[in-house]
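Close look at the chain arrangement
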Amino acid sequence: MNPKVRRAVILVVCAAGARAPAQGAQRQDAGGSEKTFSLNLQAIRGWSMGRFGESLSRFGFHSYPEAKPARPVLFDFGDGRGAVPAHTHSRGGGWVADSAKVAFIVWVEKNAVVCGMADVSGHVRLLGRARACGNARISGNDVIVSEDAVIEGDAVVSDSARIEGQAVISGRAVVASRYASWPAGGDGTPHVSGHAQVHENAVVCGNAMVSGSANVRGTAYLGGHAWVEAGEIVRGAILNRDLR
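Attention here is on the structure that accompanies the text.

Attention now moves to the overall build of the protein. Scanning the protein for helices and strands turns up 2 helices and 25 strands. With 244 residues in all, the protein has 36% of them scored as buried. Long-range contacts, defined as pairs at least 24 residues apart, comprise 17% of the intrachain contacts of the protein with a sequence gap of at least 6.

What follows covers the side chain of His89. With respect to the element layout, His89 can be found in the loop between β2 (83-88) and β3 (95-97). Contact partners of His89, with chain neighbours within four places excluded, come to Gly94, Val96, Val102, Ala103, Phe104, Val106 and Val108.

For the structure shown, the criterion picks out 4 salt bridges. Here Arg162 ties to Asp142 by a salt bridge, and the two come within 2.8 Å at their closest N and O atoms. A residue pair is termed long-range when its members are at least 10 positions apart, and Arg162 in strand β14 (residues 162-163) and Asp142 in the loop between β10 (137-138) and β11 (143-145) qualify at 20 residues. In this structure, the salt-bridge partner of Arg217 is Glu200, at a minimum N-O distance of 3.1 Å. Of this pair, Arg217 sits in strand β21 (residues 215-217) while Glu200 sits in the loop between β18 (197-198) and β19 (203-204), placing them 17 residues apart in sequence. Beyond isolated ion pairs, a larger network of salt bridges with shared partners links Arg125, Asp142 and Arg162.

Moving on, we come to the sheet that holds β11. Across the sheet, which stays open at both edges, the 7 strands sit in the order β5-β8-β11-β14-β17-β20-β23 with parallel pairing between neighbours. Edge positions in the sheet fall to β5 (107-108) and β23 (227-228), since each has one partner strand and no second.

In this structure, strand β1 (residues 74-76) lies alongside β2, joined through 3 bridges in antiparallel fashion. Note that in β2 the partner of Asp76 across the bridge is Ala83. The loop that links β1 with its antiparallel partner β2 comprises 6 residues; one of these, Gly78, has a positive phi angle of about 70°. As paired strands, β2 and β3 are joined by 3 bridges and run antiparallel to one another. Bridged to Ala86 within β3 is Ala97. Linking β2 back to β3 in an antiparallel pair, the connection comprises 6 residues, with Gly92 at a positive phi of about 110°.

Here the focus is the sheet that holds strand β16 (residues 174-175). Here we have 8 strands laid out as an open sheet, ordered β4-β7-β10-β13-β16-β19-β22-β25, and parallel in their pairing. Each edge of the sheet is formed by a strand with only one pairing partner; in this case those strands are β4 (101-102) and β25 (238-239). Looking at chain direction, strand β22 (residues 221-222) and β25 are connected through 2 bridges and run parallel. Looking across to β25, one finds that Leu222 is bridged to Leu239.

A few words now on the packing of aromatic side chains. For the structure shown, the criterion picks out 2 aromatic pairs. Ring centres of Phe75 and Phe77 lie 4.9 Å apart, and the angle between their planes is 75°; on these two criteria the pair is classed as edge-to-face. Classification of Phe75 as partly exposed rests on a relative accessible area of 23%. An angle of 10° between the planes, with centres 4.5 Å apart, marks the rings of Phe75 and Trp95 as stacked. Placement of Phe75 in strand β1 and of Trp95 in strand β3 is noted, with a sequence separation of 20 residues between them.

Phi angles above zero are rare outside glycine, and Glu147 is one such case at about 55°. Of the residues examined, Glu147 reaches a relative accessible area of 43% and is grouped as partly exposed. Backbone geometry at Glu200 places phi at a positive 55°, although glycine is not the residue there.

This part takes up the side chain of Ser193. Inspection of the secondary structure puts Ser193 in the loop between β17 (191-192) and β18. Residue class for Ser193 comes out buried when judged on its relative accessible area of 13%. Among all residues touching Ser193, those that are not within four sequence positions of it are Glu164, Ala167, Val210, Ser211 and Gly212.

What counts as what
Residues numbered from 1 in each chain as written. Predicted model: local features only at pLDDT ≥ 70, side-chain atom pairs only at ≥ 80, totals over all residues. Heavy atoms only, no water. Helix = DSSP H or I, 4+ residues; strand = E, 2+ residues; numbered from the N terminus. Buried < 20%, exposed > 50% of the residue type's maximum accessible area, 1.4 Å probe, protein only. Contact = heavy atoms within 4.5 Å. Salt bridge = Lys/Arg side-chain N within 4 Å of Asp/Glu carboxyl O. Pairing = 2+ DSSP bridges. Phe/Tyr/Trp six-rings, centres within 6.5 Å; stacked < 30°, edge-to-face > 60°.

The following block contains the structure:
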């Protein structure tokens, strides 16, 4: 069919469709209802658009189907949950589970990951193959978690803490420069490195250092310049002095 004729036919069909039901939408007399008139007008518009679509199909015009949402990207974090929806972080390119929260300012290096319900914010850098998972919370002004360090469980790492090597911070452990319940710890840069582990309700704050294969757990508190190293196990003790 000639394109000009086709356009003319479509216009005629649409005009006829708009006029046909319009008779039932006449504005009622002075005592009529404005609401009823509005509803009728909406019905006419919907009916006209439907007729318009039918007319387009009849004369060879077809509308494209709506685009389907993209499938979520999946990534296996190796935590036993299999592949889950995830994305790469805009700063560093590391993988972040969609269930986790990572602030824009955080740096997640390419091989570092954040999974589970972990929450990372502030000036935090996850370097190497560092992992933040479970319900871990990491925040502060200069926190560095590097190499193969793992922050998991309900652990909290904040302020200017340094977690590196193959250190593991888990349970409800806290590693922070300041700890409200123990103000004597003072400010500083707590450091956990090597194969050291901090578990349960232990606290490492101030300038305390835990290294080697040391194990700090229970309700242990390390503050000030306390230093625990080698294969020492500290459980429930309070160390708030220069100890090495």
